[in-house]
Amino acid sequence: MPRVNKSFVLILLPFVFVWPASAANDTAHDEHLAAKYGLRVPPASREIPPAPDWIRQAEIVSSSAAVWEGYEFLLKETPVTRLVRARSGHTRMRLSDYYPEEKVSGLDAESVSGILLLSHVPHSADAFRLAHEHGIKAIPYLHFMCVHTNYADQDIFYFEHPEILMKDDKGHWVHTGMDGSDRLHRFRTCANSPSYWKLSLAYVKKMMEWGADGVFIDNAGRRPACFATQYNSVRNPEFEPYVHEHLFPDASHDYAWGRFLEAIRTLVKSHGDDKIVVLNSGIGDPWQSTGDCCMWESFIYSWAWEGRRHTWSDVKAKAKANQWYLDAGRRIVALAFLEPKRHDMKNNSFWAFACARLVDFVLWVNLDHTEVEFLNRVHLGRGLESVQETEQVAHRFFENGLIVLNDSLRDGEITIRVADGFAGTQLLDLYDGKATVPVDEGMLKVRVPSKMARIFVAHATE
Ligand SMILES: [Zn+2]
């Protein structure tokens, strides 16, 4: 026994003394740089407070562009000064570039009635105002992985700020690779650049001051290493002299990205505890908890494949892996890409809704102007029990209804015991729209075909 204790001490000691020192180096930011750019770097958060109540109560959120009336994305010609290659050498010239301006004149509120949150809304104070007039929260789509070069992207003309662009190990700028193509007009940005922090936080602040209820941040995944600080001695005549700096000099790009997201979260929350950050995806990344919600993009259905890809078992596995996040009061928003031209809207939206709600995910789907727009207005409320499952038929009672999902290969009529606390005496079958199911001595019987789902609401709601 004494020998065991001895080796235990020997193994632990190096960790006790070495780890804190190296961790301190990795995570310390350069205070001189922070001061130079006027940045207040919030401390790395260790707590996971719950998301605001309103998003925890959401059942469907949406990002439909079709609900906006009179939407225009304009590129306003803007005079700029650039260093341009002339016959010999580079010369400063006055050129025209573009500054985006988004306009919107109205919101088709009927088509999103019942929806608590619209994302990807036009970057316009009018969009936030219109949404609020109809009792809807609204957040803009933002991205911080790269900068588009066709116009001032999120208020950044890339040629005015070459210091925010990352470089690979050979000193090359990095294009955005996407869908198998190398996007020429997008350059990867460095989340460790204090200049990029300053410019990005200013844009988030502008959105919040325009009335945003938070932000949606795309491309929240891993960041490749940035080598740009090693190439500062190379003078590029296409730009005024500049230096690429790292706010966290000894940290990885991934680490800096996590802290960058923390800084955005802190700024968003400074506008009110009810404001939110939604990440795409962040799920499984070290910075997942900087999001009130993380998006599962292409949940079961996608533009990239036909039919259903993820199974009911896949959905349960993802929920299990994220139970800590859900238990902390955060949400997974599950984006199912469904469109009338390609999908059986009714059966598939019922299936997606059932899969999401059974595991307490929020379904993100655009159902406006479809035959199932009414699902936007379904509010089942809090779950009264965990998911019950027998022979591949799952069900769960909620305050205002019941979901039944038949994952088996047989059509089934199943008998279900009503959960404690459920007050309804009969349920309306939303799929049929007219049929009611009576509760008889605490039991009810429903029919659900193979690989289909049904939603029942307490009849008193009609
Ligand atoms: Zn960098």
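Up top is the structure these notes are about.
Nothing here was measured: the structure is a model prediction, and the numbers come from that model. (Residues numbered from 1 in each chain as written. Predicted model: local features only at pLDDT ≥ 70, side-chain atom pairs only at ≥ 80, totals over all residues. Heavy atoms only, no water.)

**Q** Sorry if this is basic, but what is going on with the layout of surface pockets here?
**A** Its volume calculated, the largest pocket comes out at about 1,500 Å³. For the largest pocket, the lining is made up of 50 residues, of which Ser63, His120, Tyr141, Phe216 and Asp218 are closest to its centre. For the lining of the largest pocket, the secondary structure elements donating two or more residues are β3 (72-85), β4 (90-103), β8 (141-143), α5 (194-210) and β12 (214-218). Per-element tally for the lining of the largest pocket: the top contributor is β4, with 4 residues. Partitioning the lining of the largest pocket into residue classes produces 26 nonpolar, 12 polar and 12 charged. Here the second largest pocket defines a volume of roughly 690 Å³. Pro43, Ala44, Ser45, Glu262 and Thr290 are the residues nearest the centre of the second largest pocket, which is lined by 30 residues in total. (1 Å grid on protein atoms, 1.4 Å probe; cavity = no way out; pocket = protein on both sides within 12 Å on 5 of 7 lines; lining within 4 Å. Points joined across faces, edges and corners; volume = space filled by probe spheres on them. Helix = DSSP H or I, 4+ residues; strand = E, 2+ residues; numbered from the N terminus. Nonpolar A, V, L, I, M, F, W, Y, C, P; charged D, E, K, R; others polar.)

**Q** What am I meant to see in the coordination of the zinc ion here?
**A** Coordination of the zinc ion by the protein comes from Cys190 (SG), Cys226 (SG), His244 (NE2) and His246 (NE2), over a distance range of 2.1 to 2.3 Å. Given 4 donor atoms and angles of 101 to 119 degrees at the metal, the environment of the zinc ion is assigned as tetrahedral. When the donor residues of the zinc ion are listed from N- to C-terminus, their spacing reads C-x35-C-x17-H-x1-H. On the criterion of sequence distance, the pair formed by Cys190 in the loop between β11 (181-188) and α5 and His246 in the loop between β12 and α6 (253-269) is long-range, its members being 56 residues apart. What makes Cys190 buried here is its relative accessible area of 0%. His246 gets classed as buried once you look at its relative accessible area, which sits at 13%. (Donors = N, O, S within 2.8 Å, 3.2 Å for Na, K, Ca; no water. Tetrahedral: all angles 85-135°; square planar, octahedral: opposite > 155°, others 65-115°. Buried < 20%, exposed > 50% of the residue type's maximum accessible area, 1.4 Å probe, protein only.)

**Q** Please explain empty space enclosed by the protein as it appears in this structure.
**A** To find leftover empty space, one rolls a probe the size of a water molecule over the atoms. This model, assessed by the stated rule, comprises 2 cavities of 30 Å³ or more. Roughly 60 Å³ of volume is contained in the largest cavity. Residue lining of the largest cavity: Pro162, Leu165, Lys167, Trp173, Ala228, Tyr231, Asn232, Val234, Tyr242 and His244, and that is the complete set. Taken as a whole, the second largest cavity holds about 40 Å³ of empty space. Lining the second largest cavity are His143, Cys146, Val147, Asp153, Gln154, Ile156 and Tyr196. Of the residues belonging to the lining of the second largest cavity, the class tally is 4 nonpolar, 2 polar and 1 charged.

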